[in-house]
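Okay, here's what each chain looks like letter by letter:
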Amino acid sequence: MDGQRIFAAIELSDKARHVCGHHIEEIRREFPSVRVGWEHPEKLHITLKFFGNAEPHLVDEFRNHMSGIAGRHERFLICLATPGVFPSPSRPRILWIGITDASGMIQSIYRDIEKASRGLGFTPEERTFHPHVTIGRIRQPERFRELVTTHLNARIEPIEFEVRKLVLYESKLLPTGSVYSIVATAGMPGPI
């Protein structure tokens, strides 16, 4: 066993989760024959850092860092935004819904997490951080065009919600897909 496969994230509010889930259902219904690995609404989140497999002592150390990071940031508001794709509309692999953060707090938390994880020996993220909710992974790249156009042109209700805590999840890969369980949470001081 190579330790726990973990990632740090922000949870969605129930209402934001419902809006994302409704968008997924609408596209699934419209394009039933295109193979997409859709996320289940209950698993939707905003990833801050994917660590991969981590030894138990590193999980404990990061948990301590996460508590400190959460304690230094007050609760703040974020909002669901426009849909997008990675890496590009002409070569889409990931379908996502963006997040707007007028306070800039997510970027600040992300930088703190990167700094702490680098200090523990985790590989730094090379891509620019773009807060988003992954809703699906395209499995059939040759049949994506209409689906991607529909996704990108959809209007997502701009649900605003409060970020109150950071969450450390374990992701277990099973034959039926990944299963997430909470390893730790770290609350932020409030109110806003």
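Going by the structure above, here's the rest.
Notes on the structure follow. (Residues numbered from 1 in each chain as written. Predicted model: local features only at pLDDT ≥ 70, side-chain atom pairs only at ≥ 80, totals over all residues. Heavy atoms only, no water.)

**A short note on helix 3 (residues 105–119)**
Going by this rule: What counts as a helix is a DSSP run of H or I of at least four residues, what counts as a strand is a run of E of at least two, and both are numbered from the N terminus. How far a helix is expected to stretch is found by multiplying one less than its residue total by 1.5 Å. Partly exposed residues are those whose accessible area sits between 20% and 50% of the maximum for their type, while under 20% is buried and over 50% is exposed, using a 1.4 Å probe and protein chains only. Here a residue-residue contact requires only that any non-hydrogen atoms of the pair lie within 4.5 Å.
Helix length check: helix 3 (15 residues) gives 21 Å between terminal C-alpha atoms against 21 Å at 1.5 Å per residue, within 8%. Along helix 3, the positions that sit buried rather than exposed are Ile106, Ser108, Ile109, Tyr110, Ile113, Glu114, Ala116 and Ser117. Looking at the packing, one finds that the buried side of helix 3 touches strand 1 (4–11), strand 3 (45–54), helix 2 (56–71), strand 4 (76–88), strand 5 (91–100) and strand 8 (165–174). Immediately downstream of helix 3, the backbone of Gly121 shows phi near 95°, a positive value.

**Topic: unusual backbone geometry**
Peptide bonds are trans in most cases, and residues, glycine excluded, mostly fall at negative phi. At the junction of Phe86 and Pro87, the peptide bond is cis and its omega measures out at -5° in the coordinates. Tracing the chain through its elements places Pro87 in strand 4.

**So, the side chain of His45**
Put simply, the rule reads: Under this definition, polar contacts are N or O atom pairs within 3.5 Å; protein pairs additionally need one hydrogen-donor-capable and one acceptor-capable atom, and for neighbouring residues in sequence, both atoms have to be side-chain atoms.
Among the secondary structure elements, His45 is positioned in strand 3. Residue classification places His45 among the buried residues on the basis of a relative accessible area of 11%. Within the local environment of His45, its side chain forms a polar contact with the backbone oxygen of Lys43, the two atoms lying 2.8 Å apart. Side chain to side chain, His45 and Thr47 meet in a polar contact 2.9 Å long. Not counting the four nearest positions on each side in its chain, His45 is found in contact with Phe7, Ala9, Ile10, Leu12, His132, Val133, Thr134 and Tyr180.

**A closer look at the layout of surface pockets**
Definition in use: Cavities and pockets are defined on a 1 Å grid built over the protein atoms alone: a cavity is a set of grid points where a 1.4 Å probe fits but cannot escape, while a pocket is an open set with protein on both sides within 12 Å along at least five of seven lines, and lining residues are those with an atom within 4 Å of any such point. Grid points are joined across faces, edges and corners, and a volume is the space filled by probe spheres set on the points. Note on residue classes: Ala, Val, Leu, Ile, Met, Phe, Trp, Tyr, Cys and Pro are nonpolar, Asp, Glu, Lys and Arg are charged, and everything else, Gly too, is polar.
In this structure, the largest pocket spans a volume of roughly 1200 Å³. Around the largest pocket, the lining is made up of 35 residues, and of these Thr47, Ile94, His132, Thr134 and Arg137 lie nearest the centre. In terms of residue count, strand 3 provides more of the lining of the largest pocket than any other element does, 5 residues in total. Among the residues forming the lining of the largest pocket, the class breakdown is 13 nonpolar, 12 polar and 10 charged. Along its surface, the second largest pocket is lined by His18, Val19, His22, His23, Glu26, Ile27, Glu30, Thr150, Ala154, Arg155, Ile156 and Glu157. In terms of residue count, the dominant contributor to the lining of the second largest pocket is helix 1 (residues 14–30) (7 residues). Each residue belonging to the lining of the second largest pocket can be placed in one class, and the counts come to 4 nonpolar, 4 polar and 4 charged.

**Some thoughts on the side chain of Gln140**
Positionally, Gln140 belongs in the loop between strand 6 (132–138) and helix 4 (145–153). The residues contacting Gln140, other than those within four sequence positions of it, are Ser33, Val34 and Arg35.

**Focus: the nonpolar core**
Worth spelling out the cut-off: In these notes, a set of buried Ala, Val, Leu, Ile, Met, Phe, Trp, Tyr and Cys residues joined through side-chain atoms within 4.5 Å is what counts as a nonpolar core.
Grouped together as the largest cluster of nonpolar side chains are 54 residues, with contacts concentrated most on Leu48, Phe62, Leu80, Leu95, Leu166 and Leu168. At 6 residues, the largest contribution of residues to this core is made by helix 2. For Leu48, the contacting residues outside a window of four places in its chain are Ala8, Ala9, Ile10, Ile106, Ile109, Tyr110, Ile113, Phe129 and Leu166.

**Re helix 2**
Basically, it comes down to this: When we speak of the arc, we mean the arc of directions from the helix axis to the C-beta atoms.
Taking 1.5 Å per residue, 16 residues should reach 22 Å; helix 2 reaches 23 Å between its end C-alpha atoms and fits that length. Within helix 2, the full set of buried residues consists of Leu58, Val59, Phe62, Met66, Ile69 and Ala70. The buried residues of helix 2 all sit within an arc of 105° when viewed along its axis, so they share a single face. The secondary structure elements touched by the buried residues of helix 2 are strand 1, strand 3, helix 3, strand 8 and strand 9 (177–187).

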